[in-house]
Amino acid sequence: MRGIALVFFILAPVFIMTSTGGIKENFNNEIENNTEQEWKIHDMNRPLPPVVKPGVAGIPGQPPSDALVLFNGKDLSQWCDSKGKPARWKVEQDYMEVVKKTGSIRTKQNFGDCQLHIEWAAPLPVVGKGQGRGNSGVFLMDTYELQVLDSYNNRTYADGMAASVYGQFPPLVNACHPPGEWQAFDIIFHRPHFDKNGNLIHPVRMIVLHNGVLVQDNVELLGPTAWKKHVPYKPHPEKMPLSLQDHGNPVRYRNIWIRELK
Ligand code: MG
């Protein structure tokens, strides 16, 4: 019995190290090319992804080192109104707030494929109902709206609630925090592609987490989002501004950052 145990203790580390690649990493000459991929499996010559320092440990949603911060709580220098004039939403403490009738705001810079983090809070006290309560919106490429709405105990149509792709895809679940509390959208956005003649090749694809919960699972958008109608795709530039909607409700935003996907 003691002999068997001894053999096990001698052989086990060898097995573990080999199976995890701890000792042996250079497989280049031993493994055949996978015809599906450009690189051999475990190819040591395959370029490594760049190192990115994540946001502050323990605080989800902080910008990683390669993010462009679009709003850090201080000013609207990255933003303008729809006519290119200075944005007139108010900035207080660490957030910006929609000022009714000043219009939607958009980034000065244009974006295509991206990862976007944005935090928002529906207004307190609660005013209005349905689409009239805490309505705003995150418009990717100024065209495709991820709905911002106070959907906490507030009935409206499913494809218009918070985290819906407006008029197209309800969220998979309602992950809303109560009004007044901060909540986050994390969005992976892939722009549409058009051929030379303006025909659609690939639609927009979106993955969305709402407060860390998956709510849009790689949905393919039917076209630009709109109220009460379906709008077909129209060719547009590869990069366009990100915009935030003034729908007349004092919705707040903070900690907005973006990573362009190459
Ligand atoms: Mg909206």
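The structure under discussion appears in the preceding block.
Residues numbered from 1 in each chain as written. Predicted model: local features only at pLDDT ≥ 70, side-chain atom pairs only at ≥ 80, totals over all residues. Heavy atoms only, no water.

1. Describing the overall build of the chain
Keep this limit in mind: Secondary structure elements are taken from DSSP: a helix is a run of H or I of four residues or more, a strand is a run of E of two residues or more, and numbering for both begins at the N terminus. Each residue's exposure class comes from its accessible area (1.4 Å probe, protein chains only) as a fraction of the maximum for that residue type: buried when under 20%, exposed when over 50%, partly exposed otherwise. Note on contacts: a residue pair qualifies if any of its non-hydrogen atoms lie within 4.5 Å across the two residues. Under the convention used here, a 1.4 Å probe and the Shrake-Rupley method define accessible areas, while residue burial counts only the protein chains that appear.
Looking only at helices and strands, the chain features one helix and 15 strands. Counting only residues that meet the buried cut, the chain has 41% of its 262 residues in that class. Pairs at least 24 apart in sequence give 62% of the contacts found in the chain among residues at least 6 apart. Carbon and sulfur atoms make up 56% of the accessible area of the chain, which totals about 15600 Å².

2. What to know about the pattern of salt bridges
Using the following cut-off: Salt bridges are defined as contacts in which a side-chain nitrogen from Lys or Arg sits within 4 Å of a carboxyl oxygen from Asp or Glu.
All chains considered together, the criterion is met by seven salt bridges. In this structure, Lys90 engages Glu97 in a salt bridge whose closest nitrogen and oxygen atoms are separated by 3.6 Å. Lys90 gets classed as partly exposed once you look at its relative accessible area, which sits at 35%. For Glu97, a relative accessible area of 8% corresponds to the buried category. Each of Lys90, Glu97 and Arg252 takes part in a single network of salt bridges with overlapping partners.

3. Looking at the nonpolar core
How we decide: The nonpolar core is taken to be a set of buried Ala, Val, Leu, Ile, Met, Phe, Trp, Tyr and Cys residues, with the residues joined through side-chain atoms within 4.5 Å.
One finds Trp79, Val138, Met206 and Tyr253 to be the most contacted residues of the largest nonpolar core, which totals 44 residues. At four residues, the largest contribution of residues to this core is made by strand E6 (residues 114-121). When neighbours within four sequence positions are excluded, Trp79 is seen to be in contact with Leu70, Phe71, Ala87, Met96, Ile105, Arg106, Thr107, Lys108, Leu242, Leu244 and Ile256.

4. Considerations on the coordination of the magnesium ion
Heads up, the condition is: In this analysis a donor is any N, O or S atom within 2.8 Å of a metal ion (3.2 Å for sodium, potassium and calcium), and since water is not included, sites may seem incomplete.
Within the protein, Asn135 (OD1), Ser136 (O), Glu145 (OE), Gln147 (OE1) and Gln245 (OE1) serve as the donor atoms for the magnesium ion, at 2.2 to 2.4 Å. Mapped onto the sequence, the donors of the magnesium ion take the spacing N-S-x8-E-x1-Q-x97-Q. Linking Glu145 in strand E8 (residues 144-148) with Gln245 in the loop between strand E14 (240-244) and strand E15 (252-260), this pair joins segments that are 100 residues apart in sequence. Residue classification places Gln245 among the buried positions, given a relative accessible area of 14%.

5. Thoughts on the sheet that holds strand E5 (residues 105-111)
The cut-off we apply is this: Strand pairing requires that DSSP identify at least two bridges connecting the strands. Structural elements are reduced to axes, namely lines fitted to C-alpha atoms, with helices fitted over the stretch in contact, and the angle between N-to-C directions of any two is expressed from 0 to 180 degrees.
Pairing is antiparallel in the open sheet, where five strands are placed in the order E2-E5-E14-E7-E8. The outermost strands of the open sheet, each flanked by one partner alone, are strand E2 (79-81) and E8. Across the sheet, the mean angle from the axis of one strand to that of its neighbour is 30°, orientation sign disregarded. Here four bridges tie E5 to E14, and the two strands are oriented antiparallel to one another. The residue of E14 that forms the bridge with Asn110 is Pro241.

6. Quick look at unusual backbone geometry
Between Leu124 and Pro125 the backbone carries a cis peptide bond, its omega angle lying at -5°. Tracing the sequence through the fold places Pro125 in the loop between E6 and strand E7 (136-140). Non-glycine residue Asn153 carries a positive phi angle of around 50°. Not every positive phi belongs to a glycine, and Ala163 is a case in point at roughly 75°. Its place among the elements puts Ala163 in the loop between E8 and strand E9 (183-190). Take Ala163: its relative accessible area is 0%, and that puts it in the buried class.

7. Section: a nonpolar patch on the surface
As a reminder, the rule being used: Every patch collects residues that have over 30% relative accessible area and no salt bridge, joining them within 9 Å if they carry like charges and within 5 Å if they are nonpolar side chains (Val, Leu, Ile, Met, Phe, Trp, Tyr).
Among the surface-exposed residues, Leu172, Val173, Val213 and Leu214 lie close enough to one another that they form a single nonpolar patch of about 300 Å² accessible area. Topologically, Val213 is positioned in strand E13 (residues 213-220). The class for Val213 is partly exposed, based on a relative accessible area of 34%.

8. Digging into the pairing of E9
Pairing of E6 with E9 involves seven bridges; the strand directions are antiparallel. Looking across to E9, one finds that His117 is bridged to Asp186. Looking at chain direction, E9 and strand E12 (residues 205-210) are connected through six bridges and run antiparallel. Among the inter-strand pairings, Ile188 is bridged to a residue of E12, identified as Ile207.

9. What to know about the side chain of Gln131
Convention followed: The definition of a polar contact used here is a pair of N or O atoms within 3.5 Å, where within protein one atom must be able to donate a hydrogen and the other to accept one, and adjacent residues in sequence count solely through side-chain atom pairs.
Tracing the backbone through its elements, the reader meets Gln131 in the loop between E6 and E7. Overall, Gln131 belongs to the buried group, its relative accessible area being 16%. At 3.1 Å, the side chain of Gln131 and the side chain of Gln147 are in polar contact. A distance of 3.0 Å separates the side chain of Gln131 from the backbone oxygen of Gly160, its partner in a polar contact. Excluding residues within four positions of it along the chain, Gln131 makes contact with Gln147, Leu149, Thr156, Tyr157, Gly160, Tyr166, His247 and Asn249.

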